[in-house]
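Descriptive analysis of the structure
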Amino acid sequence: MRGYAPSLKFWLTLTIGTLAFLPNLIVIFVLSRSSPELLAQQNVRIAVWLLSVGFFATAIGYLLANRLLAPLDELTRSLRYLKVSSRTLADLSLPPPKTPLPQEVATLREQFETLIHHLRGLTESREAVFATLAHDLKTPLIAAVRATSYLIDADEISREQRIQMLRQLQEEFDRTYRLVENLLTASKLETTRPQLELVNIGAMLDDLRLRYLKDAAKRGISIEVTGSGETRADRMMLERAGANLIENALRHARSRIILRAGPGFFEVEDDGPGLPAPLESLSQPFHSKKLKGVRSGSSGLGLYIARQVAELHKGVFRSCQGTLGGACIRLEANDRRLSTYTLL
């Protein structure tokens, strides 16, 4: 069990009492040097005097300590109120002070209020995430259930129609899987440190190109890889970030996507209409559904994960100037090129 030091009130009382009692000890010491006979004759009175002064000094110290620490005690009671209050975090706030607070305690109270406001914002953000997640999971699942029910009862449809519906069903399940995978990745990024290794960025982008080549061909989109480079990074995180950027590009590209590698960075560019809002807004989890022209669930979490991966590697996540006229997003290395903790 962790031990506790004496309270601040104890030390303050002891300090004030000692400062009040010390001059009397000095006087007694001086008398003992200059008039030892007088000190011997009045030893009983002096003892009573010292005891009286010690008692009153301690009492005065205790009263002053209580007075000085009263604002801090009130703040403690306010924080204790937060602990036992049955109100939700959205309605929670510190009760107003009964008396004007000293500047130092007032500043401390403001910091606690700022912390409550920050926690309230995090809670609201998480509630929005869960609400949107439920919606985005519900949409493909409902479509999959309806398609399954139709296939069960549809005995007269042709083999080609059945295959087409099964492919649509597979696409809905793929959407659901990608959403759940991104959610798990976002949760993992909050608690996991990157496991650094040397990553060939060009080879990684080429592997991602092969992974999405079939999907791109269905949409009439070509994917090409240019450039080369290396970096020290967590390979799994880097691949997840790259995959999210490619999936985002596939949703908006008209006919072409370029994956560009470089020393310590890579870019994903498409020839679509471009970003509908600043990247900082789009990379907030699930916020993009509020933006005009962006389909609900189509963006936000994927870009958020890519940004988090860049930040975990002490790097930068930003828009770039491409050559296709559409969106261009870059995960860039720090200019200092720290060899011990790379940069993406």
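Structure first, text after, so check above.
Now for a description of the structure that goes with this document. The shown structure was predicted, so the numbers you read here are calculated from the model rather than taken from an experiment.

**Brief notes about the state of the cysteines**
By the definition in use, this model includes one disulfide. Linked covalently through their sulfurs, Cys320 and Cys328 form a disulfide whose S-S length is 2.1 Å. On the S-S bond that ties Cys320 to Cys328, the torsion sits near -80 degrees, and the link is left-handed. A residue is classified by how much of its surface remains accessible, and Cys320, at 16% relative accessible area, is buried.

**Observations concerning the nonpolar core**
The tendency in soluble globular proteins is for nonpolar side chains to be buried as a group. Grouped together as the largest cluster of nonpolar side chains are 40 residues, with contacts concentrated most on Leu205, Leu245, Leu250, Ile257, Phe266 and Phe317. Residues in contact with Phe317, not counting those within four places in the same chain, are Leu245, Leu279, Ser283, Leu303, Ala306, Arg307, Ala310, Ile329, Arg330 and Leu331. In this structure, Ala144, Ala147, Ile157 and Met165 belong to the second largest nonpolar core, which totals seven residues.

**Comments concerning the packing of helix α5 (residues 159–189) against helix α9 (residues 301–312)**
Where α5 contacts α9, the axes come no closer than 10 Å and their chain directions differ by 30 degrees. In this view, α5 runs roughly parallel relative to α9, as classed from their interaxial angle. The handedness of the crossing between α5 and α9 is left-handed. Note on element contacts: α9 touches α5 through Leu301, Gly302, Tyr304, Ile305, Gln308, Val309 and Leu312, opposite Leu179, Asn182, Leu183, Thr185, Ala186 and Leu189.

**A closer look at the side chain of Arg109**
Mapping Arg109 onto the fold places it in helix α4 (residues 103–153). For Arg109, a relative accessible area of 8% translates into the label buried. The residues touching Arg109, leaving out its near neighbours within four places in the chain, are Leu75, Ser78, Leu94, Pro95, Pro96, Pro97 and Leu101.

**Some points on empty space enclosed by the protein**
What the rule picks out here adds up to two cavities of 30 Å³ or more. The computed volume of the second largest cavity comes to approximately 40 Å³. For the lining of the second largest cavity, the elements supplying multiple residues, two or more each, are α7 (235–252), β5 (265–270) and β7 (328–332). The leading source of residues in the lining of the second largest cavity is α7, at three residues. Residues that form the lining of the second largest cavity fall into these classes: six nonpolar, one polar and one charged.

**So, the sheet that holds strand β6 (residues 316–319)**
One open sheet holds the five strands; their spatial order is β2-β4-β5-β7-β6, and the pairing between them is mixed. Sheet topology places β2 (222–227) and β6 at the edges, where each strand pairs with a single neighbour. Taken pair by pair, the neighbouring strands of this sheet meet at an average axis angle of 15 degrees, ignoring direction. Looking at chain direction, β5 and β7 are connected through four bridges and run antiparallel. Counted as the bridge partner of Glu267 is Arg330 from β7. Packing of α7 onto the sheet brings it into contact with β2, β4 (256–262), β5, β6 and β7, and relative to β5 it is tilted by some 15 degrees. In this fold α9 packs onto β6 and β7, with an angle of close to 135 degrees to the strand it touches most, β6.

**Some points on the environment of Glu74**
Structurally, the position occupied by Glu74 is in helix α3 (residues 43–84). Remark: the alpha-carbon pair of Glu74 and Leu101, spanning 27 residues in sequence, is separated by 9.5 Å. Leave out the neighbours within four places in its chain, and Glu74 touches Pro96, Pro97, Lys98, Thr99 and Leu101.

**Some remarks on the packing of aromatic side chains**
Enumeration over the complete set of coordinates arrives at one aromatic pair. Summarising the aromatic geometry, the rings of Phe55 and Phe56 are spaced 5.5 Å apart at their centres and angled 75 degrees between planes, so their arrangement reads as edge-to-face. Like Phe56, Phe55 is exposed. The ring of Phe265 is capped by Arg330, whose NZ or CZ atom sits 3.6 Å from the centre of that ring.

**So, a positive patch on the surface**
On the surface, Arg77, Arg80, Lys83 and Lys98 cluster together into a patch of positive charge. For Lys98, the position within the fold is in the loop between α3 and α4. The class for Lys98 is exposed, based on a relative accessible area of 76%.

The rules behind these values
- Residues numbered from 1 in each chain as written.
- Predicted model: local features only at pLDDT ≥ 70, side-chain atom pairs only at ≥ 80, totals over all residues.
- Heavy atoms only, no water.
- Disulfide = S-S within 2.5 Å.
- Buried < 20%, exposed > 50% of the residue type's maximum accessible area, 1.4 Å probe, protein only.
- Core = buried A, V, L, I, M, F, W, Y, C linked by side-chain atoms within 4.5 Å.
- Contact = heavy atoms within 4.5 Å.
- Axes fitted to C-alpha atoms, helices over the stretch in contact; angles between N-to-C directions.
- Helix = DSSP H or I, 4+ residues; strand = E, 2+ residues; numbered from the N terminus.
- Parallel < 35°, antiparallel > 145°, perpendicular 65-115°, else oblique.
- Left-handed = near helix turned anticlockwise from the far one by under 90°.
- 1 Å grid on protein atoms, 1.4 Å probe; cavity = no way out; pocket = protein on both sides within 12 Å on 5 of 7 lines; lining within 4 Å.
- Points joined across faces, edges and corners; volume = space filled by probe spheres on them.
- Nonpolar A, V, L, I, M, F, W, Y, C, P; charged D, E, K, R; others polar.
- Pairing = 2+ DSSP bridges.
- Phe/Tyr/Trp six-rings, centres within 6.5 Å; stacked < 30°, edge-to-face > 60°.
- Lys NZ or Arg CZ within 6 Å of the ring centre and 35° of its normal.
- Patch = residues over 30% accessible without salt bridge, like charges linked within 9 Å, V, L, I, M, F, W, Y side chains within 5 Å.
- Areas by Shrake-Rupley, 256 points an atom, 1.4 Å probe, with all protein chains shown as cover.
- Salt bridge = Lys/Arg side-chain N within 4 Å of Asp/Glu carboxyl O.
- Lys, Arg positive; Asp, Glu negative; His and termini not counted.
- Charge placed at Lys NZ, Arg CZ, Asp CG, Glu CD.

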